[in-house]
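Each chain is listed here by its residues.
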Amino acid sequence: MRAEGIDVVSFGAGEPDFNTPQPIIDEAVAALNEGFTKYTPSAGIKELREAICAKLLRENKLNYSPEQIVVSCGAKHSLYNAMQVLLNPGDEVILLAPYWMTYADQVVLAGGVPKVIKCLAEEGFVPTYDQLREAITPKTRAIVINSPSNPSGALLPRHTLKEIGALALRNGFWIIADEIYERLIYGYEFESIAALGKDVQDQTVTIGGCSKSYAMTGWRIGFAAAPLPVAKAMSNFQDQVTSNPTSFAQRGAVKAFGLPAESVEAMRAEFESRRDLIVGLLTAIPGVKIDPPKGAFYAFPDISALLKPGETDLDLAGELLEKALVAVVPGSVFEGSGHVRLSYATSRTNIEKGVGRIAKFFADRA
Ligand SMILES: Cc1ncc(COP(=O)(O)O)c(C=O)c1O
């Protein structure tokens with residue numbers, strides 16, 4: 001529609017609208033000029049794996065050695081490697097809906113079976129202990145957690161992390177902790193599940209990266225931190241698939257992971273004020289329900305009260321695009337029907353304009 005000159009406001013983007021911080025760019029440019037353009041070890045250069053270990057110790061209270069780190073082409077690639085080496089055909093993986101749809105597809109690609117827990121908006125999209133317990137079967141091989149979450153912005157509280165850790169230990173399954181949004185958090189403290197104790201860390205694959213925290217989505221650098229045998233298996237697997245992530249992007253990432261948290265504070269603070277803006281505007285629309293998301297950069301309002309009989313969130317997203325010229329992602333995509341996802345990684349002007357159009361759309365059809 002945009003190509004046809006139609007003025008669509010998009011809330012679809014899953015990436016920061018800021019540029020990568022200049023010191024990171026400078027480092028990659030320097031690497032290129034130095035001729036750092038050849039193959040590197042498949043799991044990433046030692047300097048980067050050391051920088052990731054230092055970051056994990058400093059910010060996440062996690063002790064890993066560089067041999068336990070595998071650098072990949074984005075956190076998505078790290079997750080894929082983890083699924084491929086951990087799952088056997090028929091293994092069940094617990095997913096907490098609403099979830100980022102890639103998890104389910106990656107589980108299936110590895111021959112596994114997604115076992116979905118539907119987390120309720122009323123519970124802050126946090127699973128209850130009973131839900132977790134009831135999802136476990138003899139075939140459970142892993143659980144994926146993503147806190148802060150795409151699409152809900154939910155944060156798993158400490159007591160839930162402890163429950164998940166205890167259940168994983170008791171039942172012998174893996175925890176795949178996708179912490180890609182760890183820096184984008186509003187008024188809460190981030191805690192890595194693996195930091196609960198050495199026993200939990202020994203059953204956890206921690207996934208992270210610089211895509212969201214440092215506005216580096218196009219650089220394609222992510223990592224996994226895992227017990228040594230798993231890290232080795234992931235590294236061997238990657239060796240036969242992609243080899244190393246791009247050499248000079250790795251050099252940029254060394255710089256990124258070495259930057260103090262304060263260096264991206266302005267970006268985090270801007271997201272927080274946009275969150276407040278979008279939540280305020282959405283709440284003012286009669287029938288829309290939303291609690292302020294605690295992290296990431298997505299609003300995931302419940303719009304079920306505004307659906308016509310027989311209408312789904314997929315239909316509504318189509319209508320909003322056609323009639324209001326606003327792009328949102330239907331909640332069903334994330335197994336969160338009755339909701340829509342709006343990314344607030346867009347300017348305040350766009351937020352005001354886009355949510356204004358949504359408000360008018362609902363007022364006109366009321
Ligand atoms: C929850 C979640 N995990 C991982 C990723 C992928 O990150 P990367 O760009 O580093 O592959 C995304 C990107 O949208 C995401 O939303």
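A quick note: this is a predicted structure, and the numbers were derived from the prediction, not measured. (Residues numbered from 1 in each chain as written. Predicted model: local features only at pLDDT ≥ 70, side-chain atom pairs only at ≥ 80, totals over all residues. Heavy atoms only, no water.)

All right, on to the side chain of Asp 313 then. Mapping Asp 313 onto the fold places it in helix H11 (residues 313-324). Here Asp 313 is buried and forms no salt bridge, its nearest opposite-charge partner Lys 118 lying at an N-O distance of 10.0 Å. For Asp 313, the side chain forms a polar contact with the side chain of Ser 332, separated by 2.8 Å. Beyond its immediate chain neighbours, meaning those up to four positions away, Asp 313 contacts Ile 303, Leu 307, Pro 330, Gly 331, Ser 332, Ser 337, Gly 338 and His 339. (Helix = DSSP H or I, 4+ residues; strand = E, 2+ residues; numbered from the N terminus. Buried < 20%, exposed > 50% of the residue type's maximum accessible area, 1.4 Å probe, protein only. Lys, Arg positive; Asp, Glu negative; His and termini not counted. Salt bridge = Lys/Arg side-chain N within 4 Å of Asp/Glu carboxyl O. Polar contact = N/O pair within 3.5 Å; in protein donor to acceptor, adjacent residues only side chain to side chain. Contact = heavy atoms within 4.5 Å.)

This part covers a nonpolar patch on the surface. Together, Met 101, Leu 314 and Val 333 make up a nonpolar patch on the protein surface, roughly 220 Å² of accessible area in all. Note on placement: Met 101 falls in the loop between strand E3 (92-97) and helix H4 (102-109). By relative accessible area, which is 32% here, Met 101 ends up partly exposed. (Patch = residues over 30% accessible without salt bridge, like charges linked within 9 Å, V, L, I, M, F, W, Y side chains within 5 Å. Areas by Shrake-Rupley, 256 points an atom, 1.4 Å probe, with all protein chains shown as cover.)

On to the environment of Leu 156, then. Structurally, Leu 156 can be placed in the loop between strand E5 (140-146) and helix H6 (158-171). Expressed as a C-alpha distance, the spacing of Leu 156 and Glu 15, which sit 141 residues apart in the sequence, is 22 Å. When neighbours within four sequence positions are excluded, Leu 156 is seen to be in contact with Leu 96, Val 126, Pro 127, Ile 145, Ser 147, Leu 161 and Ile 164.

The subject of this paragraph is the sheet that holds strand E8 (residues 222-225). Strand order in this open sheet of seven strands is E2-E8-E7-E6-E5-E3-E4, and the pairing throughout is mixed. Either end of the sheet is taken by a strand with one partner, and the two such strands are strand E2 (69-72) and strand E4 (113-118). Averaged over all pairs of adjacent strands, the angle between strand axes in this sheet comes to 20°, irrespective of strand direction. Pairing between E5 and strand E6 (residues 174-178): five bridges, direction parallel. Bridge assignment links Ala 142 to a residue of E6, and that residue is Trp 174. In the packing of helix H8 (residues 228-239) onto the sheet, the strands contacted are E2, E6, strand E7 (204-209) and E8, and the crossing angle to E2 comes to about 30°. (Pairing = 2+ DSSP bridges. Axes fitted to C-alpha atoms, helices over the stretch in contact; angles between N-to-C directions.)

With six of six residues buried, E7 is to be regarded as a mostly interior element. Here E7 shows a buried face lined by Thr 204, Thr 206 and Gly 208 and a second buried face lined by Val 205, Ile 207 and Gly 209. Alignment of E6 against E7, held across four bridges, turns out to be parallel. Looking across to E7, one finds that Asp 178 is bridged to Ile 207. Strand direction decides the pairing type here: E7 and E8, joined by four bridges, are antiparallel. Its bridge partner being in E8, Thr 206 is matched across the sheet by Ala 225.

Moving on, we get to the state of the cysteines. Applying the stated rule across the entire model yields zero disulfides. Unpaired in terms of disulfides, Cys 210 finds its nearest cysteine sulfur in Cys 73, a separation of 12 Å. (Disulfide = S-S within 2.5 Å.)

Around the ligand sit 13 residues in total, of which Asn 150, Asp 178, Ser 211, Lys 212 and Arg 220 are the nearest. One of the side-chain N or O atoms of Lys 212 is found 2.7 Å from an oxygen atom in the ligand. (Near = heavy atom within 4 Å.)

Read across the sheet, three strands follow the order E9-E12-E11 without closing on themselves; strand pairing throughout is antiparallel. What marks the edges here is a single partner per strand, and that holds for strand E9 (298-299) and strand E11 (329-330). Examined bridge by bridge, E11 and strand E12 (residues 340-343) share two bridges and lie antiparallel to one another. Bridge pairing in E12 links Val 329 to Arg 341.

With twelve residues, helix H1 (residues 22-33) should cover 16 Å at 1.5 Å per step; its first-to-last C-alpha distance of 16 Å lies within 8% of that length. Those residues of H1 lying buried are Ile 24, Ala 28 and Ala 31. Angularly, the buried residues of H1 cover 55° about the axis, an arc narrow enough to put them on a single face. At its buried positions, H1 is contacted by helix H9 (247-258). Residue Gly 35 follows H1 closely and has a positive phi angle near 85°. (Expected span 1.5 Å × (residues − 1). Arc of directions from axis to C-beta.)

Let us look at the domain arrangement of the protein. A common measure of how large an interface is: the accessible area buried when the components associate. Looking at the assigned domains, one finds that the protein contains domain 1 (9-19 + 264-365) and domain 2 (35-258). Placing a centre on the C-alpha atoms of domain 1 and another on those of domain 2 gives a separation of 27 Å. Taken residue by residue, the interface counts 25 residues in domain 1 and 28 residues in domain 2. Looking only at domain 1, the three residues that lose the most surface to domain 2 are Lys 294, Phe 334 and Glu 335, adding up to 30% of its buried area. Inspection of the region where domain 1 meets domain 2 yields one salt bridge. (Domains from an automatic or database assignment. Buried area = accessible area lost by both parts, 1.4 Å probe.)

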